[in-house]
Amino acid sequence: MTSRIATLFFAVTLAGAAGWPAVLPAQDASASNSTAAASSPTVNTSTNAIVAVVNDKIITVAQVEKQIDPVKPTIYANANADFPDTPEGEAGARKYVADQVTHLFKEVLDNMVDNILMVQAFNDAGYAIPRSFMDQAFDESITNRFNGDREQFLQYLKGNDLTERQYRQQLQDDMIVSYMKQKQQDTVNAISPDRIVKYYDLHKDQWRQEAAVKIRQITLKLGTLETTNLLLQQGQEIVDQARAPGANFAELAGHYSQDEFKSDGGEVGWVEKGKYQQPMDDIIFALKPGEVSNPVALGDSVYIFKCEDKRDAGLQTLEQVHMQIESALLVLDTREAEAKWLKKLRKNAYIKYNIPGMDEDAN
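Everything numeric here is computed off the predicted structure, so don't read it as measured data.

*Asks:* What should I look at first to understand the side chain of Gln 316 in this one?
*Replies:* Relative to the helices and strands, Gln 316 resides in the loop between strand S8 (314-315) and helix H14 (318-347). Classification of Gln 316 by relative accessible area gives buried; the value is 16%. Setting aside its immediate chain neighbours within four residues, Gln 316 contacts Tyr 200, Trp 207, Gln 209, Val 321 and Gln 324.

Written out as structure tokens, the structure reads:
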């Protein structure tokens, strides 16, 4: 992708992304002679333009853009990486960015509408958050988000064009949304054993597993004044310690190891066959639970492994995956309950989108 296209990507706007003409202020599409205007509804893309009305609340372009801006660089980076530096590639990248930004904009907008409805449902039910509770939540937010630094907090407000009162309101609304979602989760019934068995039987391919070994490892790296033989000797000394009665391999890894697993006591976790190159793969899978390998040299490093557990390839039993299935079904039921509840809220609300193609799904 050329630098020119990469730079232009950062200038993508809602209008350009969605294929909607940028008209400031909004005009009647029939008044334009352009092909784009004739074929697409006109949208006002001013940052102050209203993109949705929810009862007595409005949502502007700027409010939505503030939420999607952090995600845009990832979209642009993916476009640069996935499309070749050719005219066809640039065209494909532009379309990809357009589609992704448009989808994201609509998704965030829908979520903002739902949040407004949840806050209003909370207020309509006569609920209220005690002032003392909000004060405590505000203080905790300053501590957790801004390290207790008031000046840093004020800089955040300035950078996001917020007052302290607006920040408190956002904090309160977020708490209300979490509370209302939790109330829907509380309405979900417990998952019956029969349903778990049925789900297991219908999705058996999902529970198949490869043979794997749960390991810890110690990595010793070759220093400028060392040889591989010296490093292997050091490794054998560590192995002797690890095989001694009452030895703690995790402590040894924390003391000697020189890799990214050191801070976790050398814990690598479950390793499937083929993850490590030969001969380490054979060494790991030859170990029995509790056994420590001899030191093995590979490249400029020496490795020591401990097997903590093993599993065979095949279908996991219902007992092994019972909790996973129950959790998955609870998530599914909670989402369905929340979707039905939000549909009801939408049906009883006035919602008007100023985005083409969204009004038909508003209520």
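*Asks:* What is the right way to read the packing of aromatic side chains from this model?
*Replies:* The geometry of two aromatic rings is summed up by the distance between their centres and the angle between their planes. Applying the stated rule across the entire model yields 13 aromatic pairs. With a centroid separation of 6.1 Å and an interplanar angle of 80°, the aromatic rings of Tyr 156 and Tyr 167 are classed as edge-to-face. Taken together, the positions of Tyr 156 in helix H8 (residues 150-159) and Tyr 167 in helix H9 (residues 164-186) put the pair eleven residues apart, joining distant regions of the chain. Judged by its relative accessible area of 2%, Tyr 167 is buried. Here the aromatic cluster, defined as three or more aromatic residues joined through ring pairs, consists of Phe 138, Phe 146, Phe 153, Tyr 156 and Tyr 167. Taking the ring centre of Tyr 156 as reference, the NZ or CZ of Arg 145 above it sits at 4.9 Å. In this structure, Arg 311 packs its charged tip against the face of Trp 270, placed 4.8 Å from the ring centre.

*Asks:* What am I meant to see in the pairing of strand S2 (residues 57-60) here?
*Replies:* Within a regular strand, side chains alternate between the sheet's two faces. Direction of pairing for strand S1 (residues 50-54) relative to S2: antiparallel, over a ladder of four bridges. Note that in S2 the partner of Ala 52 across the bridge is Ile 59.

*Asks:* I tried to follow unusual backbone geometry on my own but got confused; where do I start?
*Replies:* Trans is the common state for peptide bonds, and a negative phi is the common state for residues other than glycine. The omega angle of the peptide bond from Gln 278 to Pro 279 is 0°, so this bond is cis rather than trans. For Pro 279, the location among the structural elements is in the loop between strand S5 (267-272) and helix H13 (280-286). Phi is positive for Asn 55, which is not a glycine, with a value near 55°. In this structure, Asn 55 sits in the loop between S1 and S2. Under the relative-accessibility criterion, Asn 55 is labelled partly exposed at 33%. Positioned with a positive phi, Asn 147 is a non-glycine residue whose angle comes to about 55°. Of note, Asn 147 is situated in the loop between helix H7 (131-146) and H8. Of the residues examined, Asn 147 reaches a relative accessible area of 65% and is grouped as exposed.

*Asks:* Before we go on, may I ask you to explain the nonpolar core in this structure?
*Replies:* The tendency in soluble globular proteins is for nonpolar side chains to be buried as a group. Core analysis: the largest hydrophobic core is formed by 48 residues, its most contacted members being Val 51, Ile 59, Val 64, Leu 109 and Val 113. The element that contributes the greatest number of residues to this core is helix H6 (residues 87-124), accounting for 15 residues. Once you skip the residues sitting within four places of it in the chain, Leu 109 turns out to touch Val 51, Ala 52, Ile 59, Val 64, Tyr 353, Ile 355 and Met 358. Core analysis: the next-biggest nonpolar cluster, separate from the first, contains 14 residues, Val 271, Met 280, Ile 284 and Val 296 among them.

*Asks:* What's the story with the packing of H6 against H9 in this structure? I'm lost.
*Replies:* Helix packing geometry: the angle between the two helix axes and the distance between the axes. One can describe the packing of H6 onto H9 by two numbers: an axis separation of 9 Å at closest approach and a directional angle of 80°. Classified by the angle their axes make, H6 and H9 are roughly perpendicular. In this structure, H6 uses Asn 115, Met 118, Val 119, Ala 121 and Phe 122 to contact H9, whose residues at the interface are Asp 173, Ile 176, Val 177, Tyr 179, Met 180 and Lys 181. Its residues assigned to classes, the contact of H6 with H9 comprises eight nonpolar, one polar and two charged.

*Asks:* What's the story with the sheet that holds strand S9 (residues 351-353) in this structure? I'm lost.
*Replies:* Where strands meet in a sheet, backbone hydrogen bonds hold them as pairs that are either parallel or antiparallel. The sheet built from three strands is open, its strands ordered S2-S1-S9 with antiparallel pairing. On the outer flanks of this sheet lie S2 and S9, each paired with one strand and no other. Geometrically, the sheet is characterised by an average inter-axis angle of 15° between neighbouring strands, direction not taken into account. Contacts from helix H4 (residues 61-68) reach S1 and S2 within the one sheet, and its direction differs from that of S2 by about 60°.

*Asks:* Where do I start with the layout of surface pockets in this structure?
*Replies:* Taking a probe equal in size to a water molecule and rolling it over the atoms shows the remaining empty space. Size it by volume and the largest pocket reaches roughly 1,200 Å³. Looking at the lining of the largest pocket, the elements with two or more residues in it are S2, H4, H6 and H9. The element contributing the most residues to the lining of the largest pocket is H9, with eight residues. For the lining of the largest pocket, the class distribution of residues is eleven nonpolar, eleven polar and six charged.

*Asks:* I keep staring at H8 and nothing clicks. Help me out?
*Replies:* Residues that lie three or four places apart on an α-helix share one face, since the helix turns once every 3.6 residues. Near the N-terminus of H8, the side chain that reaches the backbone nitrogen of Glu 151, with its oxygen 2.9 Å away, is that of Asp 149. With its phi angle positive at about 55°, Asp 161 sits one or two positions after the end of H8.

*Asks:* Is there a simple way to think about the sheet that holds strand S7 (residues 301-311) in this case?
*Replies:* Spatially, S5-S4-S7-S6 is the arrangement adopted by the four strands of the open sheet, whose pairing is antiparallel. In this open sheet, the two strands that pair with only one neighbour each are S5 and strand S6 (296-298). Strand-to-strand twist in this sheet, taken as the mean axis angle between neighbours without regard to direction, amounts to 45°. Note that strand S4 (residues 212-221) and S7 share ten bridges and pair antiparallel. Following the sheet pairing, Lys 214 is matched in S7 by Asp 309.

About the cut-offs
- Residues numbered from 1 in each chain as written.
- Predicted model: local features only at pLDDT ≥ 70, side-chain atom pairs only at ≥ 80, totals over all residues.
- Heavy atoms only, no water.
- Helix = DSSP H or I, 4+ residues; strand = E, 2+ residues; numbered from the N terminus.
- Buried < 20%, exposed > 50% of the residue type's maximum accessible area, 1.4 Å probe, protein only.
- Contact = heavy atoms within 4.5 Å.
- Phe/Tyr/Trp six-rings, centres within 6.5 Å; stacked < 30°, edge-to-face > 60°.
- Lys NZ or Arg CZ within 6 Å of the ring centre and 35° of its normal.
- Pairing = 2+ DSSP bridges.
- Core = buried A, V, L, I, M, F, W, Y, C linked by side-chain atoms within 4.5 Å.
- Axes fitted to C-alpha atoms, helices over the stretch in contact; angles between N-to-C directions.
- Parallel < 35°, antiparallel > 145°, perpendicular 65-115°, else oblique.
- Nonpolar A, V, L, I, M, F, W, Y, C, P; charged D, E, K, R; others polar.
- 1 Å grid on protein atoms, 1.4 Å probe; cavity = no way out; pocket = protein on both sides within 12 Å on 5 of 7 lines; lining within 4 Å.
- Points joined across faces, edges and corners; volume = space filled by probe spheres on them.
- Polar contact = N/O pair within 3.5 Å; in protein donor to acceptor, adjacent residues only side chain to side chain.

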